Amino acid sequence: MLSIIIPFYNEAESLPTLIKHLIEVLEKIKKEAEIILVDDGSDDSSKFKIQNSKLQFKTQNYQIKLISHRKRFGKGKALQTGIENSSGEVIIFMDADLQDEPNDLLRLLEKIGQGYDLVNGIRQDRQDNFIIKTYSFIAKLFLKIFFRSPFTDINCGFKAFKKEVLQDFTFYGNNFRFFPLYAFYKGYKVVEIEVKNHPRQFGKSKFGKSKLFIGILDTLTAYFLYQFSEKPLHFFGIFGTILFFMGNVILMYLAVERLFYHVLLYRRPILFLGMLLVIVGIQVVMTGMIGELIVFFQKKKN
Ligand code: UDP
Ligand code: MG
């Protein structure tokens, strides 16, 4: 069975067309399928439009589920809600804004049929402005260098994967963007194919300009969690030791001057810098130790 999960926030104009097109495509696939629409706290007429479409397409063998969040919790949470309510072995993520081409679904599924565990879309002729494109390019490079990412367009909303890929993946904040990478790290077979990307016809993008800055923070969090959550001391240890070392060099220099050249220590602001670096350095290393303790007890419990 196939579960198509579509998170949406105020997409009333797009939804009926999307459902119609999807059903047309599903007819071609001839497989049992469910369309799971996750309403992320919309306050427009989205729900009403879905009810109408449901009545309209009642004859179909496909189930259309509508699940609503009480308020807007964000796309990541909406995807998670969709997964929790899905029963398919193969899951599709798709945006609700008609930017993804429903016909591409066939090509995504073809790859799954060929034995891949996760198929990620690469948006062709991306309909975003110059700033977003540049930003994406930098993000891609960063991911390639620091995460050894094999993906070209990790943030593409259109993907297909086997449900097992999600096993022990924890959705948290905006980390849904990195879940293809997680699958890759876990040794699942991943592949990317090109998918069409239409311009947005109705409404506005739901991710404002803050996306840029928040995106950077998310990437840093992901970097930290994936690289160091098992060994926090490697991160804090190195960082803290560098600070501690710099502080020591300064203090040593001051000590030599004081002892052998009789330069008095008052009126030497650098003394404070040296002391500060030593103390902060020790604290940072200790934070890493506490991190190690947390990881250790977590593992022991399981
Ligand atoms: N979306 C959502 N909750 C949010 C933000 C977005 O459910 O808080 C949905 C949105 O309705 C759309 C999909 O996530 O179906 C992708 O959003 P959008 O098209 O605005 O992002 P963009 O394509 O501009 O990156
Ligand atoms: Mg979009």
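Here the structure is a predicted model, which means the values were calculated and not measured. (Residues numbered from 1 in each chain as written. Chains lettered and ligands numbered in written order. Predicted model: local features only at pLDDT ≥ 70, side-chain atom pairs only at ≥ 80, totals over all residues. Heavy atoms only, no water.)

Draft legend 1. Quick look at the site of ligand 1. Lining the immediate surroundings of ligand 1 are 17 residues, of which Glu11, Asp40, Asp97, Ser205 and Lys206 lie closest. Between ligand 1 and the protein, one listed contact pairs an oxygen atom with a backbone N or O atom of Phe8 at 3.4 Å. Here an oxygen atom of ligand 1 sits 2.5 Å away from a polar atom, N or O, in the side chain of Ser205. For ligand 1, whose free accessible area comes to 530 Å², the fraction covered by protein is 94%. According to the grid-proximity analysis, the pocket containing ligand 1 is the largest pocket. (Near = heavy atom within 4 Å. Polar contact = N/O pair within 3.5 Å; in protein donor to acceptor, adjacent residues only side chain to side chain. Areas by Shrake-Rupley, 256 points an atom, 1.4 Å probe, with all protein chains shown as cover. 1 Å grid on protein atoms, 1.4 Å probe; cavity = no way out; pocket = protein on both sides within 12 Å on 5 of 7 lines; lining within 4 Å. Sits in = over half its atoms within 2 Å of the grid points.)

Draft legend 2. Quick look at the UniProt feature "transmembrane region" (unreviewed entry) in the chain. The UniProt record annotates "transmembrane region" (unreviewed entry) at residues 235-256 and 268-297. For the annotated span residues 268-297, helix accounts for 93% and strand for 0% of the residues, and the straight-line distance between the end C-alpha atoms is 45 Å. (UniProt positions renumbered as here; feature names shortened; annotations may be inferred. Helix = DSSP H or I, 4+ residues; strand = E, 2+ residues; numbered from the N terminus.)

Draft legend 3. The arrangement of the packing of aromatic side chains in detail. As enumerated under the stated definition, the model contains 21 aromatic pairs in all. Ring centres of Phe184 and Tyr185 lie 6.1 Å apart, and the angle between their planes is 45°; this geometry places the pair in the tilted category. The partly exposed category is assigned to Phe184, whose relative accessible area is 31%. A centroid spacing of 5.2 Å and a plane angle of 50° characterise the contact between Phe228 and Phe235, whose relative ring orientation is tilted. By relative accessible area, which is 15% here, Phe228 ends up buried. On the accessibility criterion, Phe235 (32% relative accessible area) is partly exposed. Taken together through their ring pairs, the aromatic side chains of Phe142, Phe146, Phe147, Phe178, Tyr223, Phe224, Phe228, Phe235 and Phe236 make up a single cluster. The residue whose ring lies beneath Arg72 is Tyr9, and the NZ or CZ to ring-centre distance is 3.9 Å. It is Lys189 that lies over the ring of Tyr116; its NZ or CZ is 4.8 Å from the centre. (Phe/Tyr/Trp six-rings, centres within 6.5 Å; stacked < 30°, edge-to-face > 60°. Buried < 20%, exposed > 50% of the residue type's maximum accessible area, 1.4 Å probe, protein only. Lys NZ or Arg CZ within 6 Å of the ring centre and 35° of its normal.)

Draft legend 4. Inspection of empty space enclosed by the protein at higher detail. In this structure the tally under the stated criterion is 1 cavity of 30 Å³ or more. Each pocket or cavity is described by its volume, and for the largest cavity that value is around 70 Å³. Around the largest cavity, the lining residues are Lys75, Leu79, Phe93, Ile154, Asn155, Cys156, Gly157, Lys159, Phe176 and Arg177. (Points joined across faces, edges and corners; volume = space filled by probe spheres on them.)

Draft legend 5. Main features of the coordination of the magnesium ion (ligand 2). Bound to the magnesium ion (ligand 2) are the protein donor atoms Asp97 (OD) and Gln99 (OE1), situated 1.9 Å from the metal. The residues Asp97 and Gln99 share a single accessibility class, namely buried. (Donors = N, O, S within 2.8 Å, 3.2 Å for Na, K, Ca; no water.)

Draft legend 6. Geometry of unusual backbone geometry. A positive phi is found at Lys30, a non-glycine position, where the angle reads about 55°. Looking at the secondary structure, you find Lys30 in the loop between helix H1 (15-29) and strand S2 (33-39). Even without being a glycine, Arg267 presents a positive backbone phi close to 60°. Within the secondary structure, Arg267 is located in the loop between helix H8 (232-261) and helix H9 (270-301).

Draft legend 7. Expanded view of the sheet that holds strand S3 (residues 63-68). Read from one edge of the open sheet, 7 strands run S3-S2-S1-S4-S6-S5-S7, paired in mixed fashion. Single-partner strands in this sheet number two, and they are S3 and strand S7 (190-195). Geometrically, the sheet is characterised by an average inter-axis angle of 20° between neighbouring strands, direction not taken into account. Bridge count between strand S5 (residues 118-123) and strand S6 (residues 159-162): 3 bridges; the pairing is antiparallel. (Pairing = 2+ DSSP bridges. Axes fitted to C-alpha atoms, helices over the stretch in contact; angles between N-to-C directions.)

Draft legend 8. The side chain of Gln99, seen in detail. By the secondary structure assignment, Gln99 is in the loop between strand S4 (90-93) and helix H4 (104-113). Under the relative-accessibility criterion, Gln99 is labelled buried at 14%. Setting aside anything within four residues of it in sequence, one finds Gln99 in contact with Gln127, Lys196, Asn197, His198, Pro199 and Arg200. (Contact = heavy atoms within 4.5 Å.)

Draft legend 9. The side chain of Lys159, seen in detail. Structurally, the position occupied by Lys159 is in strand S6. An unpaired buried charge is present at Lys159: no salt bridge exists, and Asp153, the closest side chain of opposite charge, is 7.4 Å distant. Among the polar contacts made by the side chain of Lys159, one reaches the side chain of Asn120 at a distance of 2.9 Å. Of note is the side chain of Lys159, whose polar atom sits 2.9 Å from the backbone oxygen of Ile154. Here Lys159 is in contact with Ile91, Ile92, Phe93, Leu108, Val119, Asn120, Ile154, Phe179 and Pro180, once residues within four sequence places are set aside. (Lys, Arg positive; Asp, Glu negative; His and termini not counted. Salt bridge = Lys/Arg side-chain N within 4 Å of Asp/Glu carboxyl O.)

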